[in-house]
Protein chains: 2
Amino acid sequence: MGKVTIRDVAKHAGVSVASVSYVLNGIDKITEETKQKILNSIRELDYKPSITARCLSSGESKLIGICLPITEKGDIPGDLLENNPFFSEFISGIEFVTRNKGYDILISGFDRNMRYKDWIQSRRIDGLIILGVYPKTIFEEISSINIPIVLSDAYEEYASEFHRVMLNDELGGYMAARHLIDLGHKDIAFVSGSIKNSYINKNRYQGYKRALKEANIKLNKNLVYEEHVTFNGGYRIGMEMVKSRCEATAVFAAADIMAIGIMKSFLENGCRIPEDVSIIGFDDIKFAQYTVPGLTTVKQDIIMKGRVSAEMILSDLKNNQRTNHSVLLQPELIVRGSTASIK
Amino acid sequence: MGKVTIRDVAKHAGVSVASVSYVLNGIDKITEETKQKILNSIRELDYKPSITARCLSSGESKLIGICLPITEKGDIPGDLLENNPFFSEFISGIEFVTRNKGYDILISGFDRNMRYKDWIQSRRIDGLIILGVYPKTIFEEISSINIPIVLSDAYEEYASEFHRVMLNDELGGYMAARHLIDLGHKDIAFVSGSIKNSYINKNRYQGYKRALKEANIKLNKNLVYEEHVTFNGGYRIGMEMVKSRCEATAVFAAADIMAIGIMKSFLENGCRIPEDVSIIGFDDIKFAQYTVPGLTTVKQDIIMKGRVSAEMILSDLKNNQRTNHSVLLQPELIVRGSTASIK
DNA sequence: ATAATTAATTTAACCGTTTAACTTAAGCAA
DNA sequence: TTGCTTAAGTTAAACGGTTAAATTAATTAT
C-alpha cells in the first residue's frame, strides 16, 4: 500500500499513463467512458499521486516556508514557538488559508548561519513568510531569493521590494494613551523594548506622544522605560517603579507580555490595579483575558495577519508573478478591568 | 539562481553526475583531487541538491508529519495551535530533534474526513506523530499506515502496536493531592474534563483518590467536578463553587488552564488565594508563572515529550524498521504561591 | 609479460509525474 | 474518392537526483 503508481493505474485500466495523468489534472482530452474506467482503477487501487514526483516535474513544491527567529534569550534554548506568544496564532492564520489549497507549511528557524537559504533551495519552497524583526543586512540576503516573500512588521524603506503586512502601530499607541487620558490620567508611563532599534516600538511611542501633545500633557522622559520584551522584563520594570516611588498613575506597556509582568510586580507589592494604577497593554494575547483584573489592551489581529500573508503569497503564485504589496491592519481597543478613571 | 543542478556541477567540474553524487553522499570512491574539483564547482555555482529529486529516487521524503486535532469548540474555528496551549511546546520539542538531522516537520489538522491519509500518502511522509486524544476507531484507521507512528497519551490497550509517549498521570494526580494533604487540607476538590472519556483524567483522578485513601480521607463525590478543559470551563466551575458555598479548602484542577479560570472567578469574588483556598494545577504551562499568585502545579515536560517522540521516529527510520516502544515520563511538583497551609 | 585484482570513473536505468509532439481513426467538405 | 480537421490516445522526453553495472586505468601477483 502507499506504493501504487500512475503506471499501476494505467495498466489496471488498460490505458497509457498520459491518459491517467490527463484525467487526474482535469485536462479535457479523454472520453467519458475511458475517464470512468480510469477513475474506477484509481479508486480500486487507492491510488494517490505523489506530490514529490509532481513537484519534480512541475517545479512547484506546494510548500510555503515560515521563518521564525531563534532567540537565545528565550527561556528554553531553541524553543521556536513559545518565545513569542503570537507566533502560533500567526501560523494558525497561515494554515487556515493554505490548508485547502493543497499547500503545506514548513517551519524553520532563522539563524545567523543562514541555513534557511539552503533550506529554501533544497526544498524548493514556493513562497516564504518571515516573522519577527531582523537586522537590516537580512534584506540584502533575502533579495536574491527568487520566490514571493512576505515580511511582517518590516517598516524599513529598503523592505519595500517585498510583500509586507503591518499594523498601524502609531495609531495603536495613540489609542492606548488616549484611552488613559480620557480616564483622567496625566502621568502616563511608557514601557517597551528598544525604541531606537525597533520601528514597532518607535511607532507606538510616536502615537503615545501624539496623544499627550493633543491633550497638552508635557512628555516626561523619566516615565519612559526600555527593557526586554518578556514577562521578566516587565516584572523588573514594575519593581523599579515601585522602588523609585514612580509618580505615574497609569502605565502603557507596548506589549501584553510586559504588561503582565508589570502587573504581577505591582500586585505583589500591594499596589492595586486599577485603583492605584491603571495598566494597558498591546497585542491582546490570549492570556490578557485571564489575568485578574483582565488586561485592557490594544488588539492586533494576529490571525488576520497570518491570513493576509498567506493570501499575498498564494495570489502571486497563482498569477505566476512577483508583486509587492503592503497591507496595514488597524488596531482595536479592548477595555477590560485593568484601567479605570483616576481618583 | 536556485536552478543549478547536479548536471551543471558535473559539467563545470568536467566529471560525470555520478561522481558528483558520490562526493555529495560521502561515498568513498573518488580521489581527493577530483573531490576537491567537484567541491569547488559546488561552491562556485552555489549548488544545493534538490530534496525533492532525492526523495523521488530514494523513497524518503525527510518529512515528519504532525497531526493535531481540529476542535470546533476552540475560541477560533480552525485555530490549530492555540486550542491547547502546549501543542506549540510539543512541536518545539520535535523540531529541536529533527532540525539538524535533515528532517522537516509538516503540520496537518486531523479531521474526521480522514484527509490526513491522502496527505501522508501523497507527501510520502516518513514518520507520523499524533497529538491529542481520539476516538478508538482511529486506531484501526491508522494501523494500515506503513510508517512509524507515535501517539501521545494513548493509554488504550489497542494502541500498543504504535510508539507511545505518556506521562505518569496517576503519580501526578497523587503528587498534587498529596501536596495539599501535606499542607493540612482535607476537603480537596477535584476538577477535570470528562473522567469517563479520557484516560488522562481517569488516571489523575486515580492518583488523587490514592492520596486521599492513604491519608484516610473519605472521598467526597460532591467535590468532583467535570467540565470542558478550557479557561471558561474552569471559570464556570469556580463560580459554581462560590455560589454553592463549597466547603473545599483546596482545589486540584487537572489542567492549568482550568486552574487559572477557577482562580480568576475566586479572586473576582473576593476569595483570597491561598489564604482562603489553595489551588494546584497540572501541566505547568508557561502562564502558570505569570498569575498572581503564581500557580502551584504538577509539571509535565512537554518539550521532552516532543523530543522523545521525534527520537523514536528517527530511530526507526535509521534502523529501517518499525518497533513499538512506550515511554512513560515522570511529573514534577512545582510549588508557587497558590497553595499554603490550612489556617 | 600477462593475467588477475583493485580503484576510479562513467553509463544508463530508475524513482513517479507532466506534457509536447506524435499517431491513429473518425468526421466532414469538395 | 481524396484531403483536411479534429478528437482521443499514445510515446517519449523531461524534471534532478541515486546507484547497480559496466568500463577504464592502475596496481599487484604469477
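Residues numbered from 1 in each chain as written. Chains lettered and ligands numbered in written order. Predicted model: local features only at pLDDT ≥ 70, side-chain atom pairs only at ≥ 80, totals over all residues. Heavy atoms only, no water.

A.B. asks: Can you walk me through the protein's contact with DNA strand D in this structure?
C.D. replies: Taken together, 27 residues form the shell around DNA strand D, and within it T31 and T34 of chain A together with I6, S21 and R54 of chain B come nearest. Near the protein, meaning within 4 Å, the atoms of DNA strand D are sugar or phosphate in a fraction of 58%, with bases accounting for the rest. At 2.7 Å, a side-chain N or O of S19 of chain A approaches a phosphate oxygen of DNA strand D. S57 of chain A has a polar backbone atom sitting 3.4 Å from a base oxygen of DNA strand D. Those elements giving two or more residues to the surface near DNA strand D turn out to be α2 (17–24) and α4 (51–58) of chain A together with α1 (6–13), α2 (17–24) and α4 (51–58) of chain B. Among the residues making up the surface near DNA strand D, the classes are represented as 11 nonpolar, 10 polar and 6 charged. (Near = heavy atom within 4 Å. Polar contact = N/O pair within 3.5 Å; in protein donor to acceptor, adjacent residues only side chain to side chain. Helix = DSSP H or I, 4+ residues; strand = E, 2+ residues; numbered from the N terminus. Nonpolar A, V, L, I, M, F, W, Y, C, P; charged D, E, K, R; others polar.)

A.B. asks: Can you help me understand the packing of helix α5 (residues 87–98) of chain B against helix α12 (residues 302–319) of chain B in this one?
C.D. replies: In a packed pair of helices, the relevant descriptors are the angle between the two axes and the axis-to-axis distance. Residues and elements named next belong to chain B. Axis separation between α5 and α12 bottoms out at 7 Å; the angle between their running directions is 45°. The orientation of α5 relative to α12 falls into the category oblique. Between α5 and α12 the crossing geometry is right-handed. Along the contact surface, α5 presents E89, F90, S92, G93, I94, F96, V97 and T98, while α12 presents I302, I303, K305, G306, R307, S309, A310, E311 and L314. Each residue belonging to the contact of α5 with α12 can be placed in one class, and the counts come to 8 nonpolar, 5 polar and 4 charged. (Axes fitted to C-alpha atoms, helices over the stretch in contact; angles between N-to-C directions. Parallel < 35°, antiparallel > 145°, perpendicular 65-115°, else oblique. Left-handed = near helix turned anticlockwise from the far one by under 90°. Contact = heavy atoms within 4.5 Å.)

A.B. asks: Before we go on, may I ask you to explain the protein's contact with DNA strand C in this structure?
C.D. replies: Among the 27 residues in the neighbourhood of DNA strand C, the closest are listed as I6, R7 and S21 of chain A together with T31 and T34 of chain B. Sugar and phosphate atoms represent 57% of those atoms of DNA strand C found within 4 Å of the protein. Within the side chain of R7 of chain A, one N or O atom sits 3.2 Å away from a base nitrogen of DNA strand C. In this structure, a base nitrogen belonging to DNA strand C sits 3.5 Å away from a main-chain N or O atom of A53 of chain A. Those elements giving two or more residues to the surface near DNA strand C turn out to be α1 (6–13), α2 and α4 of chain A together with α2 and α4 of chain B. Here the residues of the surface near DNA strand C sort into 11 nonpolar, 10 polar and 6 charged.

A.B. asks: When you look at the state of the cysteines in this model, what are you seeing that I'm missing?
C.D. replies: Disulfide: a covalent bond formed between the sulfur atoms of two cysteine residues. Residues and elements named next belong to chain B. Per the counting criterion, the structure on display carries 0 disulfides over all chains. C67 takes part in no disulfide bond, and the closest cysteine sulfur to it belongs to C55, at a distance of 18 Å. Given the relative accessible area of 0%, C67 is considered buried. For the unlinked cysteine C271, the closest cysteine sulfur is that of C246, found at 10.0 Å. (Disulfide = S-S within 2.5 Å. Buried < 20%, exposed > 50% of the residue type's maximum accessible area, 1.4 Å probe, protein only.)

A.B. asks: Please explain the interface of chain B and chain A as it appears in this structure.
C.D. replies: How big an interface is tends to be expressed through the accessible area that disappears when the partners come together. Each side of the interface is counted separately: chain B has 62 residues, and chain A has 63 residues. At the surface where chain B touches chain A, the tally comes to 4 salt bridges. One can count 16 residue pairs in polar contact (both at pLDDT 80 or more) joining chain B with chain A. Residue assignment for the side of chain B that touches chain A shows that the elements contributing at least two residues are α4, α5, β2 (104–110), α6 (115–123) and α11 (256–268) of chain B. Broken down by class, the residue content of the side of chain B that touches chain A amounts to 30 nonpolar, 16 polar and 16 charged. (Salt bridge = Lys/Arg side-chain N within 4 Å of Asp/Glu carboxyl O.)

A.B. asks: Just to check I follow, could you spell out the side chain of T339 of chain B for this structure?
C.D. replies: Residue and element names in this part refer to chain B. Here T339 is to be found in the segment after β12 (332–334). Residue classification places T339 among the buried residues on the basis of a relative accessible area of 9%. Once residues lying within four places of it in the same chain are set aside, the contact partners of T339 are H179, L180, L183, P274, S278, I279, I280 and T296.

A.B. asks: Quick question: what am I supposed to make of the sheet that holds strand β9 (residues 278–283) of chain A here?
C.D. replies: Hydrogen bonds between backbone groups are what pair the strands of a sheet, and the pairing can be parallel or antiparallel. Residues and elements named next belong to chain A. Spatially, 6 strands are ordered β7-β6-β8-β9-β10-β12 in an open sheet, and the strand pairing comes out mixed. Only two strands of the sheet have a single partner each, and these edge strands are β7 (224–226) and β12 (332–334). Looking at each pair of strands side by side, their axes are set apart by 20° on average, direction ignored. Where strand β6 (residues 188–192) lies against β7, 3 bridges are found, and the strand directions are parallel. Within β7, the position partnered with S192 by the bridge is E226. With respect to the sheet, helix α9 (residues 199–214) is in contact with β6, β7, β8 (250–253) and β9, its orientation differing from that of β6 by roughly 170°. Sheet strands in contact with helix α10 (residues 231–243) are β6, β7 and β8, and its direction is about 145° off that of β7. (Pairing = 2+ DSSP bridges.)

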